[in-house]
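This is what each chain is made of:
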Amino acid sequence: MAGRLSASPPWWQNRRLLPWLVQGSVGLGILVVIAFLLGNLVRNLSAAGLLLSWRWLGQPASFDIAESLLPFDASEPYWRGLLAGLVNTLRVVGLGLVGATLLGTLVGSASFSSNGLLKRLARIYVEVIRNIPLLLQLVFWYFVVFLALPNGAAAIQLPGIVLAKSGLFLPGFEAGLHWTGPSLVDGVWQAPLRFTPEFGALLTGLVVYTGAFIAEVVRGGIASVPKGQWEAATSLGFGPLLSLRRIILPQALRVIVPGLNTQYISLAKNSSLAVACGYTDLYSVAETSLNQTGRAIEVIVILLAAYLAIDLVISLVMNGLNRLVQIQER
Amino acid sequence: MGPIQRTAPSTLRKELFNSPADGLLTVLLITGLAAAGYRLIDWAWHQAQWAVIQANSTLFAVGRYPIEQQWRLWLLVALLAAATGLSWGVLRGLPLRDRPIQGLWPRNDRLAAGLLVLLAAWAPAALGLTLAIQARWWALTGLLLLGRWLAGRYAPRLGQAASLGVPLLWPLLYLTGMVLIGGGLGLVTVGANEWGGLLLTLIQASFAILLSAPLGVLLALGRRSSLPLLRWGSIIYIEFIRGAPLITLLFLGQNILGFLLPGGLAPDRIWRAAWILTFFSAAYLAEAVRAGLAAVPRGQLEAARSLGLNLPQALSRVVLPQALRIALPTTVGQFISLLQDTTLLSLIGLLDLLGTARSVMANPLYLGKNAEVYLTLAVLFWCCCAALGLGSRALERRLNPPSLGR
């Protein structure tokens, strides 16, 4: 018995060898699979005459983009089209982040209201929105709400703002420094600032959907601040709004910011559903390009790289913000 | 809880009219809600034309599944109803940490059963189904409630065996279901391209849920492994998948999978999507499980190892049961969002529930019936997701570790 204990264990129980054996076999397995897939890929692509090439990016795109911040027409090359799509994506993501944060903060704080009805409404909003697929909500906003708006003189008119089937019209500076509001010219609304219904539906859908998730993040953050902080603030004579802004939120932000990061990234990724309501974002341009050129690999690489870059930028900014709101100790 | 006790007059006043500002807000909110509610009901009763739902209810439910084989789906639904009833009863019979079991039919259960009966009485009739089909739905509801009653009555006597049987019941039922749906074992084959509507949505979601669960656990373990190759492999996979929008991955699956596999080996479009959903969901599940693993104290693994368990034993007997219990709410949340994500299949041209809806509305007969169709889908999805969430919360409260228990 004693002799066996002192003998070195068999090789399959050797604690130093074993990890390397496991890693070696896993690594070999991964390599074999990758080699198999790549081999097939190269063989199939060269059979189809589609071996990796980026020259098509310089060819004329021959499709139009209905709504683009970058001026773009069909004679311009593919890369300009993809860039215009990216700018459109960034536009909806940027506005969406602001809108969703505002809505989420409002609803999240509302769940701490002294008004029982408001509290329950905030709860119902979150529960309804989170349990319905975003894509369904987007087509709902587009087809049922925005495309059902009245047009022409029957449009919804507020001072300086007009909401019609042809879009949302806002006032702005025109031709130098003339503050101009929307006006009806021959039954068609015109204004310095116009958002198409496609953009409006996408933005509304993203804001309402992400707002529900942000509301939960904000609620969790506020709930994480001990109740005594509220009581202490009140006993110092702070009103509810002031104590929320000065005492509670600075402490809650430490919990909120990491949660916001996740929601912001998911909003950026969800903006790729724009195609469901006819807005031309990066994904939709990429899809059209693929259909026209058949360049599947290149298009996918561009798409993945672009979304990864957006995610990274959001994460970097939010990590910086996170460092800012953490407790500064001496 | 107990909303009935809470709405006593004094509480009501405190909740709604605590101060003049609160009172004004309450009045404004009630006015707004009443106006919105009135318009919605007015629209649903007088303007909406629900014929689009009534005429296409079969299409929404099963797509173009051959009529002469639909008895198999009825059988499957019957099995599902019985299993749901049994699970409900067994779950109810499990002891709660903070409350004793409240008889055979606690208040919430009576409420749920009542709602079910009302739904069974109203929905088939409202859909304009024939009396024979209506009767089938009544029978299914009866079966579900019978299962609930049987399990509630007899499961406590079986004790441990019953609560172990339920987790076994569902995978078995899944396999049976796939045979019933797809054919084989003497049944006529019904190809994947003939599945559609709610049937396709549920098949895709359940397939991805079932396969991504073990994959996610493996990835989470890999990410926490001390072996650099395993760790970095898992990290790269998880972060790559989580960095990409699902639609680009589905797009990748449809357009590139055919190039990656030798000719003829690539699965058809429906299974490609199912695999992509699985791989997608596994990355998110891995993060949920990783959080659960991180919450289990290191000493647990060390203690298990020092008791002589080898690594797989220590993980599967000591660490994972605790980690998975902690990860349960996030995991179910992930399953819920997976069920919602199946709607993206309509964007790549598959006829899931949303895809079927869009194809129905392309029919000139039902042009412009967006509101009716989309609202119906929203209610359907909401019910499925909310039910999953409720079940998860009930399970969570009954799975608390014994050390915290009675």
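These figures come from a predicted structure and were not determined experimentally.

Draft legend 1. Up close: the pairing of strand E2 (residues 161–164) of chain A. All names here are of chain A. In the sheet, strand E1 (residues 156–158) pairs with E2 via three bridges, with the strands oriented antiparallel. Bridging from a neighbouring strand, glutamine 157 pairs with valine 162 of E2. Connecting E1 to the antiparallel partner E2 that follows it, the hairpin turn spans two residues, and glycine 160 within it adopts a positive phi of roughly 85°. Hairpin connection from E2 to strand E3 (residues 167–170): two residues lie between these consecutive antiparallel strands.

Draft legend 2. Representation of the nonpolar core within the structure. Counting 130 residues, the largest nonpolar core has A:Leu135, A:Leu136, A:Leu138, A:Val139, A:Leu202, A:Cys277 and B:Val289 as its most contacted members. What A:Leu138 contacts, discounting residues up to four positions off in sequence, is A:Ala201, A:Leu202, A:Gly205, A:Leu273, A:Ala276 and A:Cys277.

Draft legend 3. Region of the structure containing helix H9 (residues 160–182) of chain B. Residues and elements named next belong to chain B. Across its 23 residues, H9 extends 34 Å between first and last C-alpha, which sits within 8% of the 33 Å expected from 1.5 Å per residue. Within H9, burial applies to Gly177, Leu180 and Ile181. Residues of H9 that are buried in the fold lie against helix H6 (70–93) and helix H10 (197–223). Two residues or fewer after H9 comes glycine 183, characterised by a positive phi angle close to 95°.

Draft legend 4. Layout of the interface of chain A and chain B. Contact residues are listed per partner, giving 43 residues for chain A and 38 residues for chain B. Elements supplying a minimum of two residues to the side of chain A that touches chain B: helix H2 (17–48), helix H4 (116–130), helix H5 (134–145), helix H9 (282–293) and helix H10 (296–325) of chain A. Ranked by the residues each element gives to the side of chain A that touches chain B, the list is headed by H2(A), at 11 residues. Across the side of chain A that touches chain B, the residue classes break down as 31 nonpolar, nine polar and three charged.

Draft legend 5. Spotlight on the sheet that holds E2(A). Residues and elements named next belong to chain A. Taken together, the four strands give an open sheet; going across it, the order is E1-E2-E3-E8, and neighbouring strands pair in antiparallel fashion. If you trace the sheet from one side to the other, it starts and ends with E1 and strand E8 (193–195), each paired once. If you compare each strand with its neighbour and ignore which way they point, the axes differ by 15° on average.

Draft legend 6. Local environment of the packing of helix H16 (residues 353–362) of chain B against helix H17 (residues 370–398) of chain B. Residues and elements named next belong to chain B. For the pair H16 and H17, interaxial distance at closest approach is 11 Å and the crossing angle is 165°. Judged by the inter-axis angle, H16 sits roughly antiparallel to H17. For the crossing formed where H16 meets H17, the hand is right-handed. In contact with Leu353, Leu354, Ala357, Val360 and Met361 of H16, H17 contributes Asn370, Val373 and Leu377. A breakdown of the residues in the contact of H16 with H17 according to their chemical character gives seven nonpolar, one polar and no charged.

Draft legend 7. Seen up close, the pairing of E3(A). All names here are of chain A. Note: E2 against E3, three bridges, orientation antiparallel. When the sheet's bridge partners are listed, alanine 164 is paired in E3 with glycine 167. In this structure, E3 lies alongside E8, joined through three bridges in antiparallel fashion. Within E8, the position partnered with leucine 168 by the bridge is phenylalanine 195.

Thresholds, definitions, all that
- Counting of residues starts from 1 at the beginning of each chain's written sequence and follows it residue by residue.
- Chain labels run from A onward and ligand labels from 1 onward, assigned in the order the entries are written.
- In keeping with the model being predicted, local features are shown solely for residues with a pLDDT of at least 70 and side-chain atom pairs are shown and tallied solely at 80 or more, while totals for entire chains, interfaces and linings include all residues.
- Any two strands are treated as partners once DSSP identifies two or more bridges connecting them.
- Every helix listed is a DSSP run of H or I at least four residues long, and every strand listed is a run of E at least two residues long, numbered separately from the N terminus.
- Think of a nonpolar core as buried Ala, Val, Leu, Ile, Met, Phe, Trp, Tyr and Cys residues chained together by C-beta atoms that fall within 7 Å.
- Counting other C-beta atoms within 10 Å of its own, a residue is labelled buried from 20 upward, exposed at 12 or fewer, and partly exposed in the gap between, with every C-beta atom placed from the backbone.
- In this description, any two residues whose backbone-derived C-beta atoms lie within 7 Å of each other are considered to be in contact.
- Each helix should span, by expectation, one fewer than its residue count multiplied by 1.5 Å.
- Each residue gets one of three labels, nonpolar for Ala, Val, Leu, Ile, Met, Phe, Trp, Tyr, Cys and Pro, charged for Asp, Glu, Lys and Arg, and polar for the others, Gly among them.
- Geometry is summarised by axes, namely lines fitted to C-alpha atoms with helices restricted to the contacting stretch, and by angles between N-to-C directions that run from 0 to 180 degrees.
- Angle categories are assigned with fixed cut-offs, so that under 35 degrees is roughly parallel, over 145 is roughly antiparallel, 65 to 115 is roughly perpendicular, and the rest are oblique.
- For any pair of crossing helices, the crossing counts as left-handed if the nearer helix is rotated counterclockwise from the farther one by less than a right angle, and right-handed if it is rotated clockwise.

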